[in-house]
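Residue-level structure breakdown
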Amino acid sequence: MRKLAIFAAVFAGLFSTQFASAQQVDAFIGGGSLLSSSSNSNSVPAEKGGLYLNIGGDVVFYKHVGVNVETAWRATQGTYGSGTGLNYRPILTDFNLLYQPHLGKKIGFDLMAGIGAGDTRIYEQGVSCSQCYNSSDHFMEHLGGGIRYYVWHHGVFVRPEIHYYHIQNNNSITDNGYFNSNNVFRVGASVGYTFGGSD
């Protein structure tokens, strides 16, 4: 996780220095769900289903190339395995290089690749306190893509999207809150606003 912290600091520096000379800045929120392979065991669940909310932003600073950061989290706790008495909530945060080619005045692609962290929080059912969970952090690689469509001038856009996460050791039995696969997809859509930018 130390590598991720260093990368996040470098990314934040790039983000802030490029902000002043940015051609375009985007902010967005959205929702979706996770897809993964089915589990063969009641005690080892598949990391899939549920409503996931996401929030993020990007800065495009040179010929449709920029940087992107995004976090997605499960809106409600899921049940972790049958009869375990545990709930879980994944939080997926990624930092990416972004390529944003335009296909016209109203439509284009968002293509991104980067790294991040998958944080799984495990809760005891029926226990209420300010921080009643164990947290398990994993380094992950991320690939994502979406089709951006401007519904109002060059400001408000919608973006159907899909994201692939390879979460390191997500299926490790030695870790707290492991799942049956290291590979997870998130599908959904975001709504956002573009500041600046041109055709």
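Please refer to the structure higher up on the page.
The present account deals with the structure reproduced in this document.

Parameters and conventions
Residues numbered from 1 in each chain as written. Predicted model: local features only at pLDDT ≥ 70, side-chain atom pairs only at ≥ 80, totals over all residues. Heavy atoms only, no water. Helix = DSSP H or I, 4+ residues; strand = E, 2+ residues; numbered from the N terminus. Buried < 20%, exposed > 50% of the residue type's maximum accessible area, 1.4 Å probe, protein only. Polar contact = N/O pair within 3.5 Å; in protein donor to acceptor, adjacent residues only side chain to side chain. Pairing = 2+ DSSP bridges.

With respect to the side chain of Thr194
- Relative to the helices and strands, Thr194 is located in strand E9 (residues 183–196).
- What makes Thr194 buried here is its relative accessible area of 3%.
- Reaching out from Thr194, the side chain makes a polar contact with the side chain of Tyr150 at a distance of 2.7 Å.

Here we look at the pairing of strand E3 (residues 65–74)
- The sheet contact formed by strand E2 (residues 49–62) and E3 spans 10 bridges and is antiparallel. Along E3, the bridge assignment pairs Ile55 with Thr71.
- Where E2 hands over to E3, the hairpin turn is made up of 2 residues, of which Lys63 adopts a positive phi near 45°.
- As paired elements, E3 and strand E5 (residues 86–99) share 9 bridges and run antiparallel to each other. The residue of E5 that forms the bridge with Asn68 is Asn96.

Observations regarding unusual backbone geometry
- Backbone geometry at Lys63 places phi at a positive 45°, although glycine is not the residue there.
- Tracing the sequence through the fold places Lys63 in the loop between E2 and E3.
- Note on Lys63: relative accessible area 55%, which makes it exposed.
- Although it is not a glycine, Asn169 adopts a positive phi angle of roughly 55°.
- By the element assignment, Asn169 lies in the loop between strand E8 (156–167) and E9.

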